[in-house]
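Observations on chain architecture
Read off the chains here:
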Amino acid sequence: MARPTHHAPRGTFDVLPSEKRLRRRVELVAMTILGRAGYEPIATPIFEETDLFERGVGRSTDIVQKEMFTFEDKGGRSLTLRPEGTAPICRAYLENGMHKLAQPVKLYYRGPFFRHERPQAGRFRQFHQFGLETIGSDSPLADAEAIILLADILAELGVPGVKLRLGSLGSPGSRASYLAELKAYLRANEADLSKEVRERIELNPLRAFDADDEGTRGVMAKAPTLLERLDTEDAGHFAQVRSLLEADGIPYEIDPTLVRGLDYYTRTIFSFVCSDLGAQSEIGGGGRYDGLIEQLGGPPTPAVGWAAGIERIMLALAEDEAPARARDVFLAAADDDQRTRALALANELRHAGLSTEVDLAGRGLKGQLKHADRIGARRVLILEADGSLQLRDMETGDQRQVGPGEVLDELSR
Ligand code: HAM
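Section: the overall build of the protein
Counting its regular elements, the protein contains 14 helices and 16 strands. For 413 residues, the compact-globule estimate of 2.2 N^0.38 gives 22 Å, and the protein exceeds it by more than 25% at 27 Å. Surface accessibility of the protein: about 19800 Å² in total, with carbon and sulfur atoms responsible for 49%.

As for the sheet that holds strand 12 (residues 327-333)
The strand order across the open sheet built from five strands is 13-12-14-15-16, with neighbouring strands paired in mixed fashion. Each having just a single partner strand, strand 13 (356-358) and strand 16 (399-402) make up the two edges of the open sheet. For this sheet, the mean angle separating the axes of adjacent strands, direction not counted, is 25°. In this structure, strand 12 lies alongside strand 14 (residues 377-383), joined through six bridges in parallel fashion. When the sheet's bridge partners are listed, L331 is paired in strand 14 with L381. With respect to the sheet, helix 13 (residues 365-374) is in contact with strand 12, strand 14 and strand 15 (389-393), its orientation differing from that of strand 12 by roughly 170°.

What to know about the nonpolar core
Core analysis: the largest hydrophobic core is formed by 49 residues, its most contacted members being I135, L182, F209 and M220. For this core, the element with the most residues is helix 4 (residues 86-95), which contributes five residues. Ignoring any residue separated from it by four or fewer positions in sequence, one finds F209 in contact with Y178, L182, M220, A223, P224, T257 and V259. Judged by nonpolar contacts, the second largest core, of 39 residues, contains I147, F238, F272 and W306.

Observations concerning the site of the ligand
If you check the shell around the ligand, you find 26 residues, and the closest are E84, E117, R260, Y265 and E282. One of the backbone N or O atoms of I283 is found 3.2 Å from an oxygen atom in the ligand. The greatest single-element share of the shell around the ligand, amounting to six residues, is contributed by strand 10 (residues 282-288). When its residues are assigned to classes, the shell around the ligand shows nine nonpolar, nine polar and eight charged.

Comments concerning helix 8 (residues 214-221)
Burial in helix 8 covers these residues: T216, V219 and M220. Buried residues in helix 8, looked at end-on, bunch into an arc of 95°, giving them a common side. Every exposed residue of helix 8 that faces more than 90 degrees away from the buried side is listed here: E214, R217 and A221. Here the buried face of helix 8 lies against helix 6 (172-188) and helix 7 (195-199).

Describing the sheet that holds strand 2 (residues 47-49)
The strand order 2-4-3 describes an open sheet built from three strands, whose pairing is antiparallel. Looking along the sheet, the strands with just one partner apiece sit at the ends: strand 2 and strand 3 (70-72). Neighbour to neighbour, the strand axes of the sheet diverge by 35° on average, direction disregarded. Here three bridges tie strand 2 to strand 4 (residues 78-81), and the two strands are oriented antiparallel to one another. The residue of strand 4 that forms the bridge with E48 is T80.

As for helix 6
Across its 17 residues, helix 6 extends 24 Å between first and last C-alpha, which sits within 8% of the 24 Å expected from 1.5 Å per residue. The complete set of buried residues in helix 6 reads S174, R175, Y178, L182, K183 and L186. Burial along helix 6 is one-sided: seen end-on, the buried residues are contained in an arc of 165°. Of the exposed residues in helix 6, those oriented more than 90 degrees away from the buried face are G173, S177 and A188. For helix 6, the elements touching its buried residues are helix 8, helix 9 (232-247) and strand 9 (266-274).

Structural notes on the side chain of T50
Within the element layout of this structure, T50 appears in helix 2 (residues 50-56). A polar side-chain atom of T50 sits 3.3 Å from the main-chain amide nitrogen of L79. With near-sequence residues (within four places) excluded, T50 lies in contact with M68, T70, S78, L79 and T80.

Observations regarding the domain arrangement of the protein
What the domain assignment lists for the protein is domain 1 (17-171 + 231-317) and domain 2 (329-412). When each unit is reduced to the centre of its C-alpha atoms, the spacing between domain 1 and domain 2 is 48 Å.

Focus: the pairing of strand 10
Of all seven residues making up strand 10, six are buried, and the element is well covered by its neighbours. Examined bridge by bridge, strand 10 and strand 11 (residues 303-309) share five bridges and lie antiparallel to one another. Across the sheet, G286 pairs through a bridge with W306, a residue of strand 11.

Let's talk about unusual backbone geometry
Omega for the bond connecting Q103 with P104 falls within 30 degrees of zero, at -5°, which places this linkage in the cis form. As for its position among the elements, P104 is in the loop between helix 4 and strand 5 (105-114). In this structure, R267 is a non-glycine residue whose phi angle is positive, near 55°. Residue placement: R267 occurs in strand 9.

Focus: the pattern of salt bridges
Pairs can form between side chains of opposite charge whenever their charged atoms are close. One pass over the full model with this rule turns up 33 salt bridges. A salt bridge links D62 to R200, with the shortest nitrogen-to-oxygen separation between them at 2.9 Å. Of this pair, D62 sits in helix 3 (residues 62-67) while R200 sits in the loop between helix 7 and helix 8, and the two are 138 residues apart along the sequence. Each member of the pair, D62 as well as R200, is classed as buried. Three or more residues are tied together by salt bridges with common partners; here these are D62, K66, E196, R200, R207 and D210.

Rules of the game
- Residues numbered from 1 in each chain as written.
- Predicted model: local features only at pLDDT ≥ 70, side-chain atom pairs only at ≥ 80, totals over all residues.
- Heavy atoms only, no water.
- Helix = DSSP H or I, 4+ residues; strand = E, 2+ residues; numbered from the N terminus.
- Rg over C-alpha atoms; globule rule 2.2 N^0.38 Å.
- Areas by Shrake-Rupley, 256 points an atom, 1.4 Å probe, with all protein chains shown as cover.
- Pairing = 2+ DSSP bridges.
- Axes fitted to C-alpha atoms, helices over the stretch in contact; angles between N-to-C directions.
- Contact = heavy atoms within 4.5 Å.
- Core = buried A, V, L, I, M, F, W, Y, C linked by side-chain atoms within 4.5 Å.
- Buried < 20%, exposed > 50% of the residue type's maximum accessible area, 1.4 Å probe, protein only.
- Near = heavy atom within 4 Å.
- Polar contact = N/O pair within 3.5 Å; in protein donor to acceptor, adjacent residues only side chain to side chain.
- Nonpolar A, V, L, I, M, F, W, Y, C, P; charged D, E, K, R; others polar.
- Arc of directions from axis to C-beta.
- Expected span 1.5 Å × (residues − 1).
- Domains from an automatic or database assignment.
- Salt bridge = Lys/Arg side-chain N within 4 Å of Asp/Glu carboxyl O.

If you want it as structure tokens, here you go:
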């Protein structure tokens, strides 16, 4: 079983060895592609001061209002299990003086994140992301490179049915006048809106585009969009990102109503969805967040990034990694003397880089061969009672005698 199955109602899951292979492949592909592009790994703590997320992610967001695992430590400080990675990385950038490094600073990360959401397929309370942040560049090239790298990772993994949606939220100036227009429009149509949207007209009117009730959707279909109201500079930035993606052959759809669940975004936003995934179809997304570092007390520092959900990617791949014959050799011993010899020989072979196992359960020779097959050993080296050695190929069943001096050479083939 290679798919994470959640333990309702906790919304958490165990990562079993059988599932770990696929997980490892996903992580390895991502880290390799990002490393090749010059991104460097960073890790931040699992918990942070609550204030970081309130200021960074935004007090009006669902994440901060409903989904954070927040607790008080023994000193009375409010701490929160990180619901996302961008605000912590910006904090780390500031606290560690990373603005003094060559800019932009290009970082990647992976690890567990926590949101108190209603658990369902593809939505967990502890889940894992890998992500990228490019801090210190306002160039559309940084947006395009970030998007191209995620597209590349998903293609390399073979995730089927991937679509890229692209939008722009403009910068705070153009957004403010648009928001005023949108609020007026929502108020004029208040009667048809859901209660939740109505209550949040002032706080977060953009989320109305996200609502799924029919009344609100009808109103939003005719609402003015931010894309139509971008100022010249924001529109120019967006046009450049689009033409860079086109030059690289990355297909995308413009989504004028694309919104994201975090408040820090400015200008470019994007979302990679997988049509095979049902309700939780977003496998990764992100955007530009030019104001976040300043909001956290730093100098104005433009940045862009994304994060992808590892479990969602695994669900989309919907494949069990073939339980490959993963052990190079199993040493089967005919008697107790040979068991002693087997343990020492196993150590030697392991030092030579071969994955090697011995019987740890006192099985007879026949039982050991059966066990070797079960655990997927490619070959078995039988240590006979007279000291001779038989090498058996578990795929073909071929068996022949080998001399003690030939063992390493034979096994390394
Ligand atoms: P996000 O869209 O909130 O963005 O999360 C990124 C990805 O994490 C989602 O696309 C989804 O695949 C996965 N994900 C989110 N919540 C869950 C959940 N409850 N269970 C399983 N998977 C989930 C961020 O977190 C931003 N920090 C991305 C970013 C980086 N923006 C700029 N830089």
